Amino acid sequence: MTTQSTLPGTYSIGRRQFLRSTAALIALPALESFPILGAATASTGSVKKARNLVSVGAYLGLHQNAFFPKEAGRGYTMPETLKPLDPHRDAFTVFSGMDHRAPNGHGAWSNFLCGNAPKSYSLDQMVADQIGQKSRFPSVQLTAGTGEGSKSMSFTKQGIGLPMVQRPSVFYKELFMSESDKDRMEYMLRSGKSSIDYVLEDALRLQNSVTQRDSDKLDEYFDSLRSVEKRMTQQIASIDDPIPTTDYKLPDSDPITPNLLMEAETLMYDLMALSIETESSRVLSFFIDGLGQVFSFDGEPLKAGYHGLSHHGNDPAMIQDLIKIEQSHMYCLSGFINQLKEKKDPEGKPLLDSTIVLMGTGMGDASRHSNANLPTLVAGGGFDHGSHIAIDRSKDDAPLLGDLYITLMQRLGMEVDSFSNASRNMNQLFS
Amino acid sequence: MHPAPLSSLFVGLSLATCRVTRSNYAALRKRRPYILAILLAHVTTISLHANTDLPIPDRPAEILADYCLDCHDEAEMKGDLNLDFLTIDWSLKENRTLWEKAHFMAKGGHMPPAKKKQPSDEERESILAWLDSSLLEHTPIGGTLPRRLNQAEYEATIRGLFNLTDFTLPIGFPRDTEFHGFNNVGEGLVLSPPLLESYGKVAAKIADEIFPPAKPAHKSTTRHAGPEDMVLSFSAATVRGDALLLASRAEQIMRSCTWPSRIEIMSSGTYLVTISASQFLPISDEPMKLEFRARELTASDRSFTDSFRLLKEIDFSSESPETVTFEADLYEGQTLLLRWTNAEMDHEFNALADQLGAWFERDPRFLAAWQKAVYPNGDLSVTRIVQLRGKNGWEIVTKNLADPNLDMSMATMDTEMTKALMKLIRSLQGTYQVADAMCHYYFENGPALEIHGLTVEGPLKTVDDPTDLRRKELRSQLLGERKHGQSDEAFTRQMLEQFLPQAFRRPVDKQTINTFLSIAKRHWAQGASFEDGVHLLIRNILISPRFLYRMVSPGEMDEYDLAARLSYFLTQGPPDEKLLALAQSGSLSNPDVLRKEARRLLPSRPEDAMIQSFTGQWLDTKLLPEIMPDPVFKFSESDIQIAKAEVEWFFAEMLNENLPLTDFIDPDFTYTTLEFAKKNYQYQSDRELIRKDVYRDERGLTLDRLPMQRGGRYGGLLGQSAIMTATANGVDTQPVLRGVWVLENILGMPPPDPPKSVPALTPDIRGTTNPKEMLAAHMADGACATCHKQIDPIGFMLENFDPVGRWREEWPKIDVPIESSGVLPDGTPIEDITDFKAWLVDNIDFFSQCLSEKLLTYATGRVPNYAERKEIETIVLENHKNGNGFQDLVLALIQSETFGTK
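Residues numbered from 1 in each chain as written. Chains lettered and ligands numbered in written order. Predicted model: local features only at pLDDT ≥ 70, side-chain atom pairs only at ≥ 80, totals over all residues. Heavy atoms only, no water.

## Here we look at the overall build of chain B
The number of helices and strands found in chain B is 32 helices and 22 strands. Taking all contacts inside chain B whose residues are at least 6 apart in sequence as the whole, residues at least 24 apart take part in 75%. Put simply, chain B shows about 39100 Å² of open surface, and 53% of that area lies on carbon and sulfur atoms. Positive and negative charge centroids in chain B, built from 97 and 128 side chains respectively, lie 3 Å apart. (Helix = DSSP H or I, 4+ residues; strand = E, 2+ residues; numbered from the N terminus. Contact = heavy atoms within 4.5 Å. Areas by Shrake-Rupley, 256 points an atom, 1.4 Å probe, with all protein chains shown as cover. Lys, Arg positive; Asp, Glu negative; His and termini not counted. Charge placed at Lys NZ, Arg CZ, Asp CG, Glu CD.)

Structure below.
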């Protein structure tokens, strides 16, 4: 199973394996006592530091029984959905029993990155505001699947949902700007800057004609205009800064129809790996949409559309097909992890060491529209991986998913001690 | 009173005396009247030149010292308020604000607090009279700062200016800030470098929209889609062998259509389409009709087929593949949409239920198989439906059909089980699952329409797509007509003479036109094309302060300012040609003309921008889309939409019909849907609704005007779900928040902010304590009581409304009866909301004044000051005498000096 050339859909699972995976989830020996939560300020003293954060969210959730391992700790049996990730088992950690105690339903899906209050400042944007600013793209929001315009996974500090790029070709064009795009940008900057003096001249004439009170208010305008002009000068100066190039070629049409979801996922993962490799962006978010599309695997259409299967009502045949889709997501993710292992940073270390990959969802059980116990896994970032961290969420002091996010942010070098409803961290359990 | 030289005192001295007061606070405290007298006697002999800095006359100074300064001096500063001055510089706005507040508290009887020594009526009146006359004398009407167009105004302005009817600002465009509850007040509309940069980017986008950069030419290509390259959505289609099968019809594309996944038109033109299709197990001689439409590849799959352009309909009559070729114009970004229009099965729930009902009747075994699939226990105890979606459902039904022991005992049309099944099939959810499963019957047994492949070749020639055509039109609208032999410069000057006055909403002098023309001239001199020059002009015009701000003009408010103020107030958009023409002729300020124009522009439909924006901000219903009611309330997203629309429909009716202001509080009607009213308003009606002139607003909503008994719990602003939801948080209610909200937005008496030192006392209604007991502390404590005596009784009276505005008698969780009774600040006892509404109706002028102030804040972009509130008061009383109509009030406000002053 290597790289992006492994197209999803070639994998089939046996009925026997499937039945095993849907046996009732046995009570897990939840990690006993809880000094597992550090006080927010306490640091483990680790000097390990990650540079990049990739957050991947699946809109229709991930079937819990096939995602969570039956055993806690190391050496767990790889659950059905995660089988495609088996080659990387020492490079990721599975979490169960964690969530944000957020409201239920599709409407609250954005709790995935926003925490207890959906549609509020999201994890990726917090990180982007702190460490993303120096790269070409402070943050990147991508989606596979058609999206419907109203969904967002990332929210600014002001609670504005950010639009997502749906076409791989559009993201590609931004990453590897063509000569003609660059010429256009330069033209816009130069023509804009050279004409600003006229606007300024006319505006000053206006300012001189009005009352002192109005004139004072217009000072805001002049301050802003001067600042914009200065920025244009800087942008013109840096226009010839090298822009990364690549040999990577996209197919000649964008896979944006819903049935080509897996193809879109593969391309977006490829482009994210290139984006990290070229240091174009440190913070990337990727939303995997789901609609009524019917996938075919090995030429055989599944029993119902993706959304229909997610409402499986615990019917084994429906769940079986749902798991096939979710496994395909994991194939795509596995290819991505592979690329991050193979691609090296300037010091020759695998990109995965410095890249945290968070895969999860805002929906714990799509069949019931429950947003509790969110399937979550973290790969890379220099953490000690390989285990299943099972949390007993019935305990009062059980860690929240936000506590894990605090740990992730600290690993990214941020001095934070709270996230949404969480104010501790998981450094002692996961470092 | 004091003669002028005497009153123009101590410019320097006041500072000195303040210092005395500060340092010798304790000593002075008891002797203040005496010291004041000495100081006054002393200073009256000095005559300095400063005619706005006036001494507090003796009588009010004595009263202040006797009743106010014990708490409100420099040292005590109770309520962060210091009234300990010898003179007042009335020219300073902050001083006027301070003394307005003092006036408000004294007039309302809130001060001095009840447990302190009270002034006599004569004393109270004396100080109020002094404050009133001073404030009136020294408060000038007017004072709006230049107002940057807010987001909605900017969008409407661009739409009007360029005829870009669907223009919206990009997501993530910096948000406007609110000031005093509204997002169009001068003080709040700050401009920052990132915002100006965003304006620049948007301006470039608008210029691109009209003069787009050249696109690369595309070569002709041939693209083929086989069955496996077509979209399968729900059960609209499936692949069997080497063909794609269509089996059913529906209006929604995702349940009926397929389209090629990888064919997206890159360049608008005429294309050659080749299709190969055949019949699969037909049951009649009727040809199968395959319809082709042009869909945007990025269009939502929830779209309906009729929103896409019909290209062709082709009949297929053979079971062996037929190939048909036709020409079609396809535009950039489009692909082909394929639908079998005369399929037997229709996804519409009544059609499906009728078809299956007939089927069940002639084939009891088929009925029994479905019964067993949906009711696996053999009775109605368990319903299995979601699992039956698609192929899974059909496999279960097939298995049942093959079962020799299939239970046939209930397989007649008259059994309870059949009736339940039919009801389920006719329900929204049931239809989806059953139809999705039934498609697989057709996929296996036919009839179905087989598609073997599709080829798109081209473009044979390029065509102008609708976007190209629209751009041509936009360009000719903007540029006007080019006279024969007219140079680029002369043509552009002609354009600017026409366009700049529209963009800047007022006449533009030659110098400004020349300045802007120079931008294009210089660009041409550098070798740019004519179009590039105009493109650059647009980018610059749209970042000029003359465009971005309104009401920046020399001198007092003129006709053009008035036109803009009227238009943005009533339509949120720029003045139209008629208003500008009236402004130009100088007649808009004529009261009759102004009234007539105001009537012409008054919003009338619930979705009109002014109604949406004003009610959303005044009543906070703009918050509704973000409130997510706890699932226990079963208040869905569509309920929230209806709740918000109720307020807008109601407001529109109040305005259109000029209904009395008391109807805002206690009307004999409400706008809602019958279902919503029954669910939320305990509404009982067995009468059939008679609808005249059914109106559907732009959101597709139709609400009904339901009659209501006056004097009831529901109806009126305070009885509307939207307002009770907006003043809660979706989970629980907080009496203090609702109380403050009513004081601010209904009574117009906003209580001052709580003192900073006091922690918020928020009752936890989820806890075990009776909230009223918890809040009793508020009413007892001297400092808190002043305000909370006003706030809490109103808040508790509204506790009968849960977080979505439904009536409740008990506090949740603790099951203690809600104590809604209380005493209003004027001593009126109330039992519940109905008493409060009656009191409001009796004292409607409070509400009218409040609403008028809100309207004028929204209209003028400033919070009305003392003198302006006085003017409003006169208008409100006058209107009350003349029927108290709401439309009359709005028109009178538009004709006020407050509205007509910058």
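## Observations regarding the overall build of chain A
Helix and strand counts for chain A stand at 11 helices and 12 strands. In chain A, the share of contacts with a sequence separation of at least 24, taken over all contacts with a separation of at least 6, comes to 73%. Looking at chain A as shown, the accessible area adds up to about 16300 Å², and 50% of this sits on carbon and sulfur atoms.

## A few points about the packing of aromatic side chains
In total, this model carries 56 aromatic pairs over all chains according to the counting rule given. An angle of 90° between the planes, with centres 5.1 Å apart, marks the rings of Phe95 of chain A and Phe430 of chain A as edge-to-face. Of this pair, Phe95 of chain A sits in strand E4 (residues 92-96) while Phe430 of chain A sits in the segment after strand E12 (424-425), and the two are 335 residues apart along the sequence. Among the residues examined, Phe95 of chain A registers a relative accessible area of 0% and is labelled buried. Over the face of the ring belonging to Tyr432 of chain B we find Arg255 of chain B, whose NZ or CZ atom lies 3.7 Å from the ring centre. (Phe/Tyr/Trp six-rings, centres within 6.5 Å; stacked < 30°, edge-to-face > 60°. Buried < 20%, exposed > 50% of the residue type's maximum accessible area, 1.4 Å probe, protein only. Lys NZ or Arg CZ within 6 Å of the ring centre and 35° of its normal.)

## What to know about the nonpolar core
Residue and element names in this part refer to chain B. Counting residues in each nonpolar core, the largest one holds 103 residues, and the members touching the most others are Phe664, Phe836, Phe847 and Phe886. For this core, the element with the highest residue contribution is helix H23 (residues 637-656), accounting for 11 residues. Sequence-distant contacts of Phe847, that is, excluding residues within four places in its chain, are made with Trp618, Leu661, Phe664, Ile665, Leu717 and Ile746. (Core = buried A, V, L, I, M, F, W, Y, C linked by side-chain atoms within 4.5 Å.)

## So, the sheet that holds strand E13 (residues 334-340) of chain B
Here 4 strands make up an open sheet; going across it, the order is E8-E13-E10-E11 (chain B) and the pairing antiparallel. Each edge of the open sheet is held by one strand with a lone partner, namely strand E8 (257-258) and strand E11 (309-316) of chain B. (Pairing = 2+ DSSP bridges.)

## A closer look at the interface of chain A and chain B
The extent of an interface is frequently quoted as the accessible surface area lost upon association of the parts. With 64 residues of chain A at the contact, the number on the chain B side is 70 residues. When residues of chain A are sorted by the area they lose upon contact with chain B, Tyr198, Lys217 and Lys303 of chain A head the list and together hold 11% of the total. For the pair chain A and chain B, the number of links is 7 salt bridges. Close ionic contact of Glu300 of chain A with Lys391 of chain B constitutes a salt bridge, the shortest N to O distance being 3.3 Å. The interface formed by chain A and chain B includes 27 residue pairs in polar contact (both at pLDDT 80 or more). No other element matches the 16 residues that helix H6 (residues 179-209) of chain A contributes to the side of chain A that touches chain B. (Buried area = accessible area lost by both parts, 1.4 Å probe. Salt bridge = Lys/Arg side-chain N within 4 Å of Asp/Glu carboxyl O. Polar contact = N/O pair within 3.5 Å; in protein donor to acceptor, adjacent residues only side chain to side chain.)

## A short note on the sheet that holds strand E10 (residues 376-380) of chain A
Residues and elements named next belong to chain A. The 8 strands are arranged E3-E11-E4-E10-E9-E2-E6-E5 in an open sheet whose pairing can be described as mixed. Both edges of this open sheet fall to strand E3 (73-74) and strand E5 (140-144), since each of them pairs with a single strand only. Pairing of E3 with strand E11 (residues 387-390), which is carried by 2 bridges, proceeds in the antiparallel orientation. Within E11, the residue paired with Arg74 across the bridge is Ser387.

## A short note on the domain arrangement of chain A
Splitting chain A by domain gives domain 1 (15-25 + 48-168 + 255-425) and domain 2 (179-237). A straight line from the C-alpha centre of domain 1 of chain A to that of domain 2 of chain A covers 43 Å. (Domains from an automatic or database assignment.)

## As for the pattern of salt bridges
Applying the stated rule across the entire model yields 65 salt bridges over all chains. Linking Glu648 of chain B and Lys644 of chain B is a salt bridge whose minimum nitrogen-to-oxygen distance equals 2.9 Å. Of the two residues, Glu648 of chain B and Lys644 of chain B are both situated in helix H23; the distance of 4 residues between them amounts to about one turn of the helix. Summarising the burial analysis for this pair, Glu648 of chain B and Lys644 of chain B share the class buried. Residues joined in a network through salt bridges with shared partners are Glu201, Asp202 and Arg205 of chain A together with Arg546 of chain B.

## Observations regarding unusual backbone geometry
Backbone torsion omega between Gly446 of chain B and Pro447 of chain B reads -5°, so that peptide bond is classified as cis. Residue position: Pro447 of chain B is located in the loop between helix H13 (428-445) and strand E15 (448-462). Look at the link from Gly458 of chain B to Pro459 of chain B: it is a cis peptide, with omega at 5°. Within the secondary structure, Pro459 of chain B is located in strand E15. Despite not being glycine, Lys119 of chain A shows a phi value in the positive range, around 60°. Looking at the secondary structure, you find Lys119 of chain A in the loop between helix H3 (111-114) and helix H4 (123-132). Among the residues examined, Lys119 of chain A registers a relative accessible area of 46% and is labelled partly exposed. A positive phi angle, near 50°, is found at Ser420 of chain A, a position not held by glycine. Along the chain, the position of Ser420 of chain A falls in the loop between helix H11 (401-411) and E12. With a relative accessible area of 41%, Ser420 of chain A lands in the partly exposed category.

## Quick word on the packing of helix H10 (residues 364-374) of chain B against helix H11 (residues 391-402) of chain B
When two helices pack together, you describe them by how their axes are tilted relative to each other and by the distance separating the axes. All names here are of chain B. Where H10 contacts H11, the axes come no closer than 8 Å and their chain directions differ by 125°. Put simply, H10 runs oblique to H11. Crossing hand, H10 versus H11: right-handed. Facing H10, whose interface residues are Arg365, Phe366, Ala369, Trp370, Lys372 and Ala373, H11 presents Trp394, Ile396, Val397, Asn400, Leu401 and Ala402. Of the residues belonging to the contact of H10 with H11, the class tally is 9 nonpolar, 1 polar and 2 charged. (Axes fitted to C-alpha atoms, helices over the stretch in contact; angles between N-to-C directions. Parallel < 35°, antiparallel > 145°, perpendicular 65-115°, else oblique. Left-handed = near helix turned anticlockwise from the far one by under 90°. Nonpolar A, V, L, I, M, F, W, Y, C, P; charged D, E, K, R; others polar.)

## Considerations on the confidence of the model for chain B
All names here are of chain B. On average, residues of chain B score 88 in pLDDT, and 91% of them are at 70 or above. The weakest mean pLDDT in chain B belongs to helix H1 (residues 4-7) at 32; the strongest belongs to helix H32 (residues 886-894) at 98. Scored below 50 in pLDDT, residues 1-50 makes 56 contacts in the model with residues more than four places away or belonging to other chains. Note that pLDDT drops below 50 for residues 762-768; the model gives that stretch 17 contacts with residues more than four away or on any other chain. The complex model carries a pTM of 0.77, and its ipTM stands at 0.81. (pLDDT = per-residue confidence, 0-100.)

## Some thoughts on H4 of chain A
Among the 10 residues that make up H4 of chain A, 8 are buried, leaving the element largely enclosed by the rest of the structure. Among the residues of H4 of chain A, those classed as buried are Leu123, Asp124, Gln125, Met126, Val127, Ala128, Ile131 and Gly132 of chain A.

## Structural notes on the side chain of Ser154 of chain A
All names here are of chain A. If you trace the backbone, Ser154 turns up in the loop between E5 and helix H5 (168-175). Polar contacts involving the side chain of Ser154 include one to the side chain of Asp124, which spans 2.5 Å. When near neighbours in sequence (up to four residues on either side) are disregarded, Ser154 contacts Ser122, Asp124, Gln125, Gln141, Ile160, Gly161, Leu162 and Ser285.

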